[in-house]
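Chains, contacts and geometry: an overview
Each chain, written out:
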Amino acid sequence: MIKNNWGIRILVTGFFLTSPVVLAEHFNGHVDVKVGALSESAQKGQLAFNRTCSECHGDNGEGSLKGPPLIHAIYNPGHHSNQSFYSAVRNGVQQHHWPYGDMPAQKGISFSEMSVILKFVREVQQQNGIVRLDHEM
Ligand code: HEC
């Protein structure tokens, strides 16, 4: 009995020790996003993004407790091409870069909405100093 008790204590202590680490990782990935003047298509994209994607990716792609920021260097066009955005929305994404879990496919987004969302993400990336870097992985 006493032994089991300790097992539980160790589990509980372990939980409290590891959860701040996960939170710290999130806040490292979370960014302050500036949004300047946007083209007409990007403005439409911003509406669609903040309606559908912001639930996890935060307002204007700044990240949230449920998903990573997309206004982030790893999503520069050299590392995550437009094709990878279409594929993420159509097929979903398995967790691989972050500790948030998988992204489900976003069935409600049409191809034309997806292209204005991309205009929006790329324009805001540029406004926040995210430049194309060639893929080296
Ligand atoms: C229910 C939460 C959720 C929603 C809604 C969501 N995403 Fe995601 N998305 C995620 C998570 C979590 C990841 C990170 C997966 C990883 O790399 O670990 C991700 C990753 C991505 C990626 C990177 C794909 C890759 O190849 O690594 C793109 C692009 C993306 N999301 C775009 C979008 C767009 C655009 C929308 C809105 C149409 C959207 N997401 C809606 C949770 C979500």
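Residues numbered from 1 in each chain as written. Predicted model: local features only at pLDDT ≥ 70, side-chain atom pairs only at ≥ 80, totals over all residues.

Moving on to the overall build of the protein. Within the protein, the secondary structure is distributed over 5 helices and 0 strands. Counting from the amino terminus, the protein carries its helices and strands in the arrangement α-α-α-α-α. Put simply, the protein has 137 residues, and 23% of those count as buried. In the protein, the share of contacts with a sequence separation of at least 24, taken over all contacts with a separation of at least 6, comes to 70%. (Helix = DSSP H or I, 4+ residues; strand = E, 2+ residues; numbered from the N terminus. Buried ≥ 20, exposed ≤ 12 C-beta atoms within 10 Å, placed from the backbone. Contact = placed C-beta atoms within 7 Å.)

So, about the site of the ligand. The environment of the ligand is made up of 25 residues, and the closest members are Cys53, Cys56, His97, Tyr100 and Met103. Broken down by secondary-structure element, the contributors of at least two residues to the shell around the ligand are α3 (54-57) and α4 (82-91). If one sorts the elements of the shell around the ligand by residue count, α4 sits on top with 4 residues. (Near = placed C-beta within 6 Å.)

Two packed helices can be described by the angle between their axes and the distance between those axes. Interhelical geometry of helix α2 (residues 40-52) versus helix α5 (residues 111-127) gives an angle of 105 degrees and a closest axis separation of 7 Å. Taken together, the axes of α2 and α5 lie roughly perpendicular to each other. For the pair formed by α2 and α5, the contact residues are Ser41, Ala42, Lys44, Gly45, Gln46, Ala48 and Phe49 on the first element and Glu113, Val116, Ile117, Leu118, Lys119, Phe120 and Glu123 on the second. Residues belonging to the contact of α2 with α5 are distributed by class as follows: 7 nonpolar, 3 polar and 4 charged. (Axes fitted to C-alpha atoms, helices over the stretch in contact; angles between N-to-C directions. Parallel < 35°, antiparallel > 145°, perpendicular 65-115°, else oblique. Nonpolar A, V, L, I, M, F, W, Y, C, P; charged D, E, K, R; others polar.)

Looking now at the confidence of the model for the protein. Mean pLDDT over the protein: 86, with 77% of residues reaching 70 or higher. In the model of the protein, helix α1 (residues 2-29) stands out as the element of lowest mean pLDDT, 54, in contrast to α2, which has the highest, 98. (pLDDT = per-residue confidence, 0-100.)

As a further point, take the nonpolar core. Judged by nonpolar contacts, the single largest core of 13 residues is most densely connected at Ile71, Ile117, Phe120 and Val121. Elements supplying a minimum of two residues to this core: α2 and α5. For isoleucine 117, the contacting residues outside a window of four places in its chain are Gly45, Ala48 and Phe49. (Core = buried A, V, L, I, M, F, W, Y, C linked by C-beta atoms within 7 Å.)

Here we come to unusual backbone geometry. One non-glycine residue, asparagine 60, adopts positive backbone phi at about 55 degrees. Along the chain, asparagine 60 falls in the loop between α3 and α4.

Turning our attention to the environment of glycine 36. Looking at the element boundaries, glycine 36 is found in the loop between α1 and α2. What makes glycine 36 exposed here is the crowd of 9 C-beta atoms within 10 Å. Measuring from C-alpha to C-alpha, the distance between glycine 36 and glutamine 127 comes to 6.9 Å, with 91 residues separating the pair along the chain.

Let's shift gears to the environment of aspartate 134. Of note, aspartate 134 is situated in the segment after α5. Residues aspartate 134 and glycine 78, spaced 56 residues apart in sequence, show a C-alpha to C-alpha distance of 4.9 Å.

Over its 13 residues, α2 extends 19 Å from the first C-alpha to the last, a length consistent with the 18 Å expected when each residue adds 1.5 Å. Taken residue by residue, α2 has Ala42, Gly45, Gln46 and Phe49 as its buried positions. The buried residues of α2 all sit within an arc of 110 degrees when viewed along its axis, so they share a single face. Counted as exposed and oriented over 90 degrees from the buried face of α2: Glu40 and Arg51. Buried-residue contacts for α2 involve α3 and α5. (Expected span 1.5 Å × (residues − 1). Arc of directions from axis to C-beta.)

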